[in-house]
Amino acid sequence: MRSIFLVLMCLFGLSLFAAQSSMIERYKPKNYSITCVQAYLNKEPINTGTFLAKNSKGIITVSKGQNKNVLFNITLKSNIGKKDEPPIYLRFIKQKQLNISDILEYATEGDEILIEEFVPSINKIDLNCTPASITVVENL
């Protein structure tokens, strides 16, 4: 009797685990390559995946579709050269525009700058959008 009960509990547990993993897949973004915002440096578009020199000057602004100057978050992801250490994130939240030198003063070569739309509520986040990504280099 105990062995039958144990087998039934194991089957029930496996079915719950399988249901849980299928629910997680439902919330996984479908396309990681779509960026929903366009970043601009001095009103010139910055393509995602490009390089930006550490000595760059100017103002970052962001647009989304027809909306110009949308609020955005900008994040510097820095590894600071330490092996086997997690990256450090420096975030500027809810910006309308930002002087790029404010974030580049903390950057080193190979660091990544991520730009995403500011969303006031987690319920409104579009999981199909990835942040615009720029890599910092010493000189271009």
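Conventions we followed
- Residues numbered from 1 in each chain as written.
- Predicted model: local features only at pLDDT ≥ 70, side-chain atom pairs only at ≥ 80, totals over all residues.
- Heavy atoms only, no water.
- Salt bridge = Lys/Arg side-chain N within 4 Å of Asp/Glu carboxyl O.
- Helix = DSSP H or I, 4+ residues; strand = E, 2+ residues; numbered from the N terminus.
- Buried < 20%, exposed > 50% of the residue type's maximum accessible area, 1.4 Å probe, protein only.

Trainee: Outline the pattern of salt bridges, listing residues and values.
Mentor: Here the idea is simple: oppositely charged side chains can pair when their charged atoms come close. Considering all chains together, one arrives at 2 salt bridges under this definition. In this structure, the salt-bridge partner of glutamate 117 is lysine 64, at a minimum N-O distance of 2.8 Å. Of this pair, glutamate 117 sits in strand β8 (residues 112–117) while lysine 64 is found in the loop between β4 (59–63) and β5 (72–78), placing the two residues 53 residues apart along the sequence. For glutamate 117, a relative accessible area of 28% gives the class partly exposed. Its relative accessible area of 28% is what places lysine 64 among the partly exposed residues. A salt bridge links arginine 91 to glutamate 116; its shortest N-O distance comes to 2.9 Å. Of this pair, arginine 91 sits in strand β6 (residues 88–95) while glutamate 116 sits in strand β8, and the two are 25 residues apart along the sequence. Arginine 91 sits in the partly exposed class, given a relative accessible area of 40%. The exposure class of glutamate 116 is partly exposed, given its relative accessible area of 30%.

Trainee: Explain unusual backbone geometry to me, and be specific about the residues and the numbers.
Mentor: Backbone geometry places lysine 43, a non-glycine residue, at a positive phi of 70°. Among the secondary structure elements, lysine 43 is positioned in the loop between β1 (38–41) and β2 (44–46). We note that asparagine 69 has phi near 55°; this positive angle belongs to a residue other than glycine. Using a relative accessible area of 41% as the deciding quantity, one classes asparagine 69 as partly exposed.

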